[in-house]
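Chain residues, written in single-letter form:
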Amino acid sequence: MDGSNHSTVSEFLLLGLSESPEHQRVLFWMFLSMYLVTVVGNVLIILAIGSDSRLHTPMYFFLANLSFTDLFFVTNTIPKMLVNLQSQNKAISYAGCLTQLYFLVSLVALDNLILATMAYDRYVAICRPLHYTTAMSPRLCISLLALCWALSVLYGLIHTILMTNVTFCGSRKIHYIFCEMYVLLRLACSNTQINHTVLIATGSFIFLTPFGFMVMSYVWIVRAILQIPSASSKYKAFSTCASHLAVVSLFYGTLCMVYLKPLDTYSMKDSVATVMYAVVTPMMNPFIYSLRNKDIHGALGRFFLGKSFRG
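In this text the structure is predicted, and so the values were computed from the model without any measurement.

Rules behind the numbers
Residues numbered from 1 in each chain as written. Predicted model: local features only at pLDDT ≥ 70, side-chain atom pairs only at ≥ 80, totals over all residues. Heavy atoms only, no water. Helix = DSSP H or I, 4+ residues; strand = E, 2+ residues; numbered from the N terminus. Buried < 20%, exposed > 50% of the residue type's maximum accessible area, 1.4 Å probe, protein only. Contact = heavy atoms within 4.5 Å. Areas by Shrake-Rupley, 256 points an atom, 1.4 Å probe, with all protein chains shown as cover. Pairing = 2+ DSSP bridges. Disulfide = S-S within 2.5 Å. Expected span 1.5 Å × (residues − 1). pLDDT = per-residue confidence, 0-100. UniProt positions renumbered as here; feature names shortened; annotations may be inferred. Phe/Tyr/Trp six-rings, centres within 6.5 Å; stacked < 30°, edge-to-face > 60°. 1 Å grid on protein atoms, 1.4 Å probe; cavity = no way out; pocket = protein on both sides within 12 Å on 5 of 7 lines; lining within 4 Å. Points joined across faces, edges and corners; volume = space filled by probe spheres on them. Nonpolar A, V, L, I, M, F, W, Y, C, P; charged D, E, K, R; others polar.

Visitor: Could you give me a rundown of the overall build of the chain, with the residues and numbers involved?
Guide: Tallying secondary structure elements over the chain gives 11 helices and three strands in all. With 311 residues in all, the chain has 49% of them scored as buried. Nonlocal contacts in the chain, meaning residues at least 24 apart in sequence, comprise 79% of its contacts between residues at least 6 apart. When the accessible surface of the chain is split by element, carbon and sulfur atoms take 68% of a total near 15,300 Å².

Visitor: Please set out the sheet that holds strand S2 (residues 91-93) residue by residue, giving values where relevant.
Guide: The strand order across the open sheet built from three strands is S2-S1-S3, with neighbouring strands paired in mixed fashion. The open sheet has two edge strands, S2 and strand S3 (173-174), and neither has a second partner. In this structure, strand S1 (residues 11-14) lies alongside S3, joined through two bridges in parallel fashion. Looking at S3, one finds that leucine 13 is bridged to lysine 173.

Visitor: So what's going on with the state of the cysteines? Residues and values would help.
Guide: Tallied over the full model, the rule gives one disulfide. Here cysteine 97 connects covalently by a disulfide to cysteine 179, the sulfurs 2.0 Å from one another. For the disulfide bridge between cysteine 97 and cysteine 179, the dihedral angle about the S-S bond is near -125 degrees, and by the sign convention the bridge is left-handed. You can see cysteine 97 sitting in helix H4 (residues 94-127) and its partner cysteine 179 sitting in the loop between S3 and helix H7 (181-187), a full 82 residues away along the chain. For the pair cysteine 97 and cysteine 179, one class covers both residues: buried.

Visitor: Lay out H4 in plain terms, naming residues and giving numbers.
Guide: The end-to-end C-alpha distance of H4 is 49 Å, a good match for the 50 Å that 34 residues give at a rise of 1.5 Å each. Burial runs high along H4: 26 of the 34 residues are buried.

Visitor: Explain the environment of methionine 214 residue by residue, including any values.
Guide: Looking at where methionine 214 falls in the secondary structure, it is placed in helix H8 (residues 193-226). As for methionine 214 and tyrosine 120, which are separated by 94 residues in sequence, their C-alpha atoms are 7.5 Å apart. Discounting residues that sit within four places of it in the chain, methionine 214 has contacts with Asn112, Leu115, Ala116, Ala119, His244, Val248 and Tyr252.

Visitor: Tell me what's going on with the confidence of the model for the chain, and back it up with residues and numbers.
Guide: Chain-level pLDDT for the chain is 85 on average; 89% of the residues reach the 70-or-more range. The secondary-structure element of the chain with the lowest mean pLDDT is helix H1 (residues 3-6), recorded at 43, while helix H6 (residues 138-163) shows the highest, at 95. Long-range and interchain partners of residues 1-7, a stretch whose pLDDT sits below 50, account for 13 contacts in this model, where long-range means more than four residues apart.

Visitor: I'd like a rundown of the UniProt feature "transmembrane region" (unreviewed entry) in the chain, residues and numbers included.
Guide: According to UniProt, the "transmembrane region" (unreviewed entry) feature falls on residues 26-48, 60-79, 99-120, 140-158, 205-226, 238-260 and 272-291. Taken as a whole, residues 26-48 contains 100% helix and 0% strand, while its terminal C-alpha atoms sit 33 Å from one another.

Visitor: So what's going on with H6? Residues and values would help.
Guide: Because an α-helix completes one turn every 3.6 residues, residues spaced three or four positions apart along the sequence face the same direction. Under the 1.5 Å per step criterion, the end-to-end length of H6 is 38 Å for 26 residues, consistent within 8% with the ideal 38 Å. Looking only at H6, the buried set comprises Cys141, Leu145, Cys148, Ser152, Tyr155, Gly156, His159, Thr160, Leu162 and Met163. Looking at the packing, one finds that the buried side of H6 touches helix H3 (58-86), H4, H7 and H8.

Visitor: An account of the packing of aromatic side chains is requested, with residue identities and associated values reported.
Guide: Applying the stated criterion to the full structure yields 13 aromatic pairs. Seen in terms of ring centroids, tyrosine 120 and phenylalanine 213 are 6.3 Å apart; in terms of plane orientation they differ by 40 degrees. Their pairing is tilted. With tyrosine 120 in helix H4 and phenylalanine 213 in helix H8, this pair connects stretches of sequence that are 93 residues apart. Residue tyrosine 120 is classed as partly exposed on the basis of its relative accessible area, which comes to 23%.

Visitor: Which residues make up empty space enclosed by the protein, and what are the values?
Guide: All told, the structure shown has three cavities of 30 Å³ or more when counted by the stated rule. Every residue lining the largest cavity is counted, 14 residues in all, and those nearest its centre are Leu15, Gly16, Leu17, Met81 and Leu85. Of all elements in the fold, only helix H2 (21-51) and H3 reach the threshold of two or more residues within the lining of the largest cavity. Here the residues of the lining of the largest cavity sort into nine nonpolar, four polar and one charged. Space inside the second largest cavity adds up to approximately 40 Å³. Around the second largest cavity, the lining residues are Phe73, Val108, Asp111, Phe251, Tyr277, Thr281 and Pro282.

The following block contains the structure:
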C-alpha cells in the first residue's frame, strides 16, 4: 500500500488509562495478574475438555473453542499494554495498530457467534432431547464452528481494509489500552461515513442477529422447562443453561456499556468500560463455567491426579 493514500502517520501512541507513573505501576501488576489468571483459567478448561473423553460432547466442544478465543483475544492486547506500562515508549506502529484492530474485531465477533451456537446446543438439548445426538452431530458442530470462523474473519477483514483508506493527519495519541475502532475513527481527518455505514450494517448482522437468535432460543427453553412437572428436573434443566446465560449477560452487558452510544460522545470513561469486556469477561468465563460444574472438576482432577480420581 502507498502510505500517502491512507495515512500521514507511521505510528500511534497508546497512552492507556493513566500517564501517572504511580498509577502505571499499579495498573501493570493488576493487568499482569488478570492476564495470568485468564491464561491459566482458559488453558485449564481446554486441557480438561481435551483430555477427558467424557467431555467430548457438543457443549464442551464449543466451550473449549470459546476458551481458545478468549485466550487469543487477551494475548492480542494485554502483552503490548504491559510493555507500554513498563516503558517510556508508548508507540505502536501503524501496521501493528491495524493488526491489533483486525484480531480484536474478529475475535469479538467470533466470541459472539460461538455463544449463539452454544445457545442452539442448549435449545436442542432441552427442547428436542430425543433428537440431540443426531441434531448435534460432530459433522454439524464442526460446520457451525467453521461458519463462525469464516464470518468473523470476513467481518475483521472488511473493517480493517476500510480503515486503511482512512487518513490520520492530526493527533497520534490514543488514550486507550489498545487500537480500538471507535477511537481510531475519532482521530481521522478524512471522511469516515463509509466506515460508519458499514459498521452499523455489518454490526447489526454479526451481533444483533445472533443476539436475537439467543433470545428466541431461551424463550423456547424457558417454555420447555416450565412444562416439566418435577421441580428437581426443572432445576437440573435450567442449571445446564445457567453458565451460558451468565456469560452471555456479561458479554453483552459490557459490550453495550461501550458501543450503544454516539461516536462523538466517546470519552475516557468508555476506556475503563472497555477493560470490562476486553479483560474482565475473558477472565471470568472459565470461573463461570467451572464454578459448579462437576464434569470440569472431575476432568481436571483426573488430568492432574491420574485416572484413579473420581470427581
